[in-house]
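Fold and contact review
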Amino acid sequence: MSTLFQQFTNALAMGCLYGLVAIGYSMVYGILQLINFANSSVFMFSMYFAFYSISVFYLPWYFGLIVMILLTILLGICIQRVAYQPLRSAPRISLTISAIGVAYLLENLATVVFTAVPKSFPEIPFLQEMIILGNGEWRVQRLVIFVIVSMVILITALLFFLDHTKMGIATKAVSKDFETSQLMGININAVIRVTFVIGSGLTAFGAFMWGLKYPQISPTVGSMPGTKCFIAAVIGGIGNIKGAVLGGIILGLTEIMLVYFFPGLSGYRDIFAFIILILILLFKPTGLFSTKITDKA
C-alpha cells in the first residue's frame, strides 16, 4: 500500500505538470484557433534559462525560478509579436505553419547557442527530500507535494482572474467570439498578450518542475513533454481550461499507474499517450470536457 500511495502521488504530480502546460495550448487555441507548436521549444528554452540562472549565475533557486518565468514570458510575447500578430488576418493554416517554423527555429537556435551537449538541471535538495508520513511506511517527495499544491493555487488564481477581473472577462468574451468582441471595443491585442503571458508563465513553471524530475537538458528536451501536454489538452477538450487540467491528470495517472501494475510495459510508456489520443479522436473528437465550439473562420 505504501508503494501504491507513492506511485499514485507521483502520477498525480505528473498529471498536474501536464495540465499546467496544457493550459497554454488551450488558451491560445481558444483565442486564436491556433495550435501553438512552438510551446515545446519555449518549454526547452525555459529549462536553459533556469540552468544558467542557478548553475552559472548562482542565483538561489527561487530567484532563478522567477528569472526563468520572466524570461520565458518575454520569449512568448516576442513569438506572438513577430510570428503570429502579422498573420492574424491570414488563413488559419498560415498561423499553423508559422508556429511549426518557430518551433524548428528555436530548436536549431538552441543547438547553436547552447550546443547539443546535454546539461544537467540544477538540483534542489530541499524539494527532492522525502517526507515520512504516518508510522514511517508512507513516503512522499517534497517536490510532489510542492507541484500539487502549486497547481491548486495557480489554477484557483487563474479561474478567479478569468471570472472576476475585467481583463479575464474580456479574455473569455474573445474566446467565445473574436469578431464581436472586437466590435464591442475590447482591446484584442491586450487580450492576446495576456494569454501568451499566462501560457508562457505556466509553461515555465511546468518546465522547472519537469527539470527537477528529469534533470537532463538538451535542445530536443521539450519535444515529448510538449506533445504529451498537447494530447492532454485534446483529451480534456482543447480550448477548455478545466478540461486541460483534467486531461493532464488523466494522462499522468494512466501512464504511471499502468506501468506500476504492468511493469513489463515500462518501455512502452510514451505510447500510452498516443493510444489515448487516437481513442479520443475516434470516439470523442472534441474532448471529454469540451464545450460547444463556434467556428471563427
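Residues numbered from 1 in each chain as written. Predicted model: local features only at pLDDT ≥ 70, side-chain atom pairs only at ≥ 80, totals over all residues. Heavy atoms only, no water.

**Re the nonpolar core**
- Core analysis: the largest hydrophobic core is formed by 88 residues, its most contacted members being Ile 23, Tyr 84 and Phe 208.
- It is helix 1 (residues 2–32) that contributes the most residues to this core, 16 residues altogether.
- Filtering out sequence-adjacent residues up to four positions away, Tyr 84 remains in contact with Leu 34, Asn 36, Ala 38, Ile 79, Leu 95, Ser 98, Ala 99 and Phe 196. (Core = buried A, V, L, I, M, F, W, Y, C linked by side-chain atoms within 4.5 Å. Buried < 20%, exposed > 50% of the residue type's maximum accessible area, 1.4 Å probe, protein only. Helix = DSSP H or I, 4+ residues; strand = E, 2+ residues; numbered from the N terminus. Contact = heavy atoms within 4.5 Å.)

**Remarks on helix 6 (residues 142–164)**
- In a regular helix each residue adds 1.5 Å, so 23 residues correspond to 33 Å; helix 6 covers 32 Å between its end C-alpha atoms and thus fits that length.
- Among the residues of helix 6, those classed as buried are Leu 143, Val 144, Val 147, Ser 150, Met 151, Ile 155, Leu 158 and Leu 162. (Expected span 1.5 Å × (residues − 1).)

**Points about a nonpolar patch on the surface**
- On the surface, a nonpolar cluster with roughly 1100 Å² of combined accessible area is contributed by Phe 261, Phe 262, Leu 265, Tyr 268, Ile 271, Ile 275, Ile 278, Leu 279, Leu 282 and Phe 283.
- The leading source of residues in the nonpolar patch is helix 12 (residues 269–283), at six residues.
- As for its position among the elements, Leu 265 is in the loop between helix 11 (241–261) and helix 12.
- Accessibility expressed as a relative area gives 33% for Leu 265, which makes it partly exposed. (Patch = residues over 30% accessible without salt bridge, like charges linked within 9 Å, V, L, I, M, F, W, Y side chains within 5 Å. Areas by Shrake-Rupley, 256 points an atom, 1.4 Å probe, with all protein chains shown as cover. Salt bridge = Lys/Arg side-chain N within 4 Å of Asp/Glu carboxyl O.)

**Examining the environment of Met 167**
- Mapped onto the elements, Met 167 comes out in helix 7 (residues 166–176).
- Sequence separation between Met 167 and Val 194 is 27 residues, and the spatial gap between their C-alpha atoms is 8.4 Å.
- Not counting chain neighbours up to four residues away, the residues in contact with Met 167 comprise Phe 161, Ala 190, Val 191 and Val 194.

**Overview of helix 2 (residues 39–56)**
- In a regular helix each residue adds 1.5 Å, so 18 residues correspond to 26 Å; helix 2 covers 25 Å between its end C-alpha atoms and thus fits that length.
- By the criterion of burial, helix 2 is predominantly enclosed, with 15 of the 18 residues buried.
- Following helix 2 by one or two positions, Tyr 58 adopts a phi angle in the positive range, close to 60 degrees.

**Thoughts on the packing of aromatic side chains**
- According to the stated counting rule, one finds 18 aromatic pairs in the structure shown.
- Look at Tyr 18 and Trp 210: their rings are 6.2 Å apart centre to centre, the planes differ by 40 degrees, and that puts the pair in the tilted class. Taken as a pair, Tyr 18 in helix 1 and Trp 210 in helix 9 (residues 188–213) lie far apart in primary sequence, 192 residues in all. Comparing Tyr 18 with Trp 210, the two get one shared label, buried.
- When the centroid spacing of 5.6 Å and the interplanar angle of 35 degrees are considered together, the rings of Tyr 52 and Phe 114 count as tilted. Residue Tyr 52 is found in helix 2, and its partner Phe 114 is found in helix 4 (residues 92–114); the two are separated by 62 residues along the sequence.
- Accessibility expressed as a relative area gives 26% for Tyr 52, which makes it partly exposed.
- Members of the aromatic cluster, joined through ring pairs, are Trp 61, Tyr 62, Phe 63, Phe 121, Phe 146, Phe 205 and Phe 208. (Phe/Tyr/Trp six-rings, centres within 6.5 Å; stacked < 30°, edge-to-face > 60°.)

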